[in-house]
Amino acid sequence: MGVGEAANAILDLEGVHKHYQTDRVDVHALRGVDLRIATGDYLSIMGPSGSGKTTMLEILGLLSPASAGTVRFQGRPTSGLDVTALAHIRSQEIGFVFQAFNLLPRLSAVENVELPLVYQRSGGGPGGRRSRRDRKERAIEALRRVGLESRAGHLPGEMSGGERQRVAVARALVNDPAVILADEPTGNLDSKTGEEVLSLFDALHEQGGTLVVVTHDERVGARAARTVSVRDGVIERDD
Amino acid sequence: MDSARQALRLLRAYGLRSVLTLFGLVWGTASVVFLVGWGESLEEVVDRGFEKAGRDLGQLSAGTIGEEFTPSTDRRQLLISWQDVAAIRRQARLARAVGAETRRYLPVTAGSLSFHREVRGVEPEGLRIRAIPVAQGRTIRPGDVGERRPVAVLGFEVAEDLYGARPAVGRRLRIDGRFFEVVGRLERMGAQFGQDGEPIDDQIWIPITTHFASWPTPGTEPNAVSTVLYRLSRSSAVDATEDELRRLLAERLGVDPKDEEAIVGWSASRTLAQIPLGELRGILALLSVTTLAISGIGVLNLMLDTVRQRRREIGLRLAVGARPLDVVVQFLIETATIVALGGLLGIAIALALILAFAAVDLPEIIPVPRVSVPAIALALGVMSAVGLIAGGIPALRAARVDPASTLRSDG
Ligand SMILES: Nc1ncnc2c1ncn2[C@@H]1O[C@H](COP(=O)(O)OP(=O)(O)OP(=O)(O)O)[C@@H](O)[C@H]1O
Ligand SMILES: [Mg+2]
């Protein structure tokens, strides 16, 4: 790999394996994955159920460690980092969108969007925390980007599925992450509301954002600049 | 604080269960503040009672020869004469003062009123030992004893019973048919602990010589005294002082000084030492602290349950950048809010109760719980420990939630 290429890479998987070990089974979910995600990529990961897509996203999102191989974030290996350092990277550089939205039901839209900022340690306040005011402003701004500024005070239960997922997208981009990782973001949405979310992704991509989207949805595959096909824990195609 | 707000939401969500949990905390801290405060005043009440009876007061009286002592077949009642007391007083080195008293229940008549009261023959040495202040008139003087005058000093209640609010001094009354002039009235003594015979408020005092002459002990020794009183000197221990007097008395009576049936000893300080006040207070503290600690189990259960139900929320927080420490702190604050809510309410209720008690006029023998700073400190301390444990265990469990699980939870 060239030096220039590596410097450009946000995430870089090299020979990554993942075993899930329980007392009864040992699942070999990833069997040697090489994948490089560069700034500005819009990448879709596709493949049959159980092929290891979510597992791959977990590892890309630094939510769970690889059993073997190397995971680099912005060029630096992550294997030596402790939970706190990993949490720090997630709070600064990674945005997540989940299939099940995962909004906290008792918090308003804007409070949900604020959540990643609550845990950031690079703001101006004491202990590096962001002030409540700063958090609120940024959260409103993120809601504006997904077109839900007017819904800021609503609880998730008071919004449609599409709106909820857009709130989740706002939460993913509120910390200005280097990469947004999404797992089946349209999985719980009908085609029309799914379309709303996907056009948001298009817009983010156009603004220079980096997106990795795990999906069964052919429309995502069509829009993404690059599609990775996974089967039985290995990458079958990458184009 | 967001976590504090979350704690209130949580209480609302758990409804009856949080009411019960809070009730446990309220009850627990209230009982610590109340019972420990009560224990403190218990000690004060006992202390005060002994102060009145004379903390450094001791007594010896005569009994019958014990079975292991010779001649044990001689079962007659031993008698201590006034002369014996005078002799002991001269010889004793350790006691500050030695005096005699003799007593009898006798009918007392004034006007149309008549009842039985304890009538004590006293001498100035004995009065100095008791040191009871006089409210009106005077006490028994050496001249009264020397001349066997028919004069009486009334205990507070006796004067009250006979004359009500009217002055008692200068009145005449009859004791067992004999006329006496009231020359004084004692101050109210109230509840006494370690009292011998009737409370001082219910006694009538006359000169000991008048007592001997009016109601002589039948038999060989008309001047027999009921008790030998002594007062400890500051420097001498009660046991040594009693031993000396016992030895001197035994010599005069011809009995073994170790025979505790022949010479019966009593001392206020020893009786006081025998009351297990420390243990009583300890039991009160232990009971109440245990109650509070048990209430912590309710909190622990509530928090464990909420952590179990909020795994998704916890996982999400961890995924978006919360450090495990942030999660621990969050649940500790939530627990602390709940514990503080119940605990401080309990302390407030206990304090209100204590103040209410203080406002009611209770007999002084009933200890009124006190606002005790150590009790409040104890309640706060145990509360904090309860919060730390009841919050810490669930918090650590919460911090171990796998953030990757957020990608897999459905719904
Ligand atoms: N926690 C786990 N313990 C054991 N096995 C697991 C665990 N998580 C995933 N697996 C297994 O790992 C393999 C890959 O799972 P993964 O969730 O990555 O598949 P996927 O491609 O996301 O499937 P889907 O499209 O159904 O979401 C599967 O066989 C799955 O059963
Ligand atoms: Mg999946």
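Each value, and the rule that gives it
Residues numbered from 1 in each chain as written. Chains lettered and ligands numbered in written order. Predicted model: local features only at pLDDT ≥ 70, side-chain atom pairs only at ≥ 80, totals over all residues. Heavy atoms only, no water. Contact = heavy atoms within 4.5 Å. Buried area = accessible area lost by both parts, 1.4 Å probe. Salt bridge = Lys/Arg side-chain N within 4 Å of Asp/Glu carboxyl O. Helix = DSSP H or I, 4+ residues; strand = E, 2+ residues; numbered from the N terminus. Nonpolar A, V, L, I, M, F, W, Y, C, P; charged D, E, K, R; others polar. Domains from an automatic or database assignment. Polar contact = N/O pair within 3.5 Å; in protein donor to acceptor, adjacent residues only side chain to side chain.

## A word on the interface of chain A and chain B
Listed as interface residues are 29 residues of chain A and, on the opposing side, 26 residues of chain B. For the pair chain A and chain B, the two sides together bury roughly 2400 Å², of which 58% comes from carbon and sulfur. Its largest share of buried area at the contact with chain B, chain A owes to A:L63, A:N102 and A:Y119, together 25% of the area lost on that side. For the pair chain A and chain B, the number of links is three salt bridges. Across the pair A:E111 and B:R5 runs a salt bridge whose closest N-O atoms are separated by 3.9 Å. Looking at the side of chain A that touches chain B, the elements that each hand over two or more residues are α2 (53-60), α3 (83-93), α4 (109-118) and α5 (132-145) of chain A. If one sorts the elements of the side of chain A that touches chain B by residue count, α3(A) sits on top with five residues. For the side of chain A that touches chain B, the residue count by class is 13 nonpolar, six polar and ten charged.

## Quick look at the domain arrangement of chain B
Buried accessible area, meaning the area lost when the parts come together, often serves as the stated size of an interface. Residues and elements named next belong to chain B. For chain B, the assigned domains read domain 1 (2-49 + 276-410) and domain 2 (79-254). Opposite the five residues of domain 1 that make contact, domain 2 presents five residues. Approximately 390 Å² of surface area, both sides summed, lies buried where domain 1 meets domain 2, with 73% of it carried by carbon and sulfur atoms. Considering only the side of domain 1, the residues that lose the most area to domain 2 are G49, E364 and I365, jointly responsible for 79% of the buried surface there. Where domain 1 touches domain 2, the interface holds zero salt bridges. Linking domain 1 with domain 2 are zero residue pairs in polar contact (both at pLDDT 80 or more), by the criterion used here. Tallied by class, the residues present in the side of domain 1 that touches domain 2 amount to three nonpolar, one polar and one charged.

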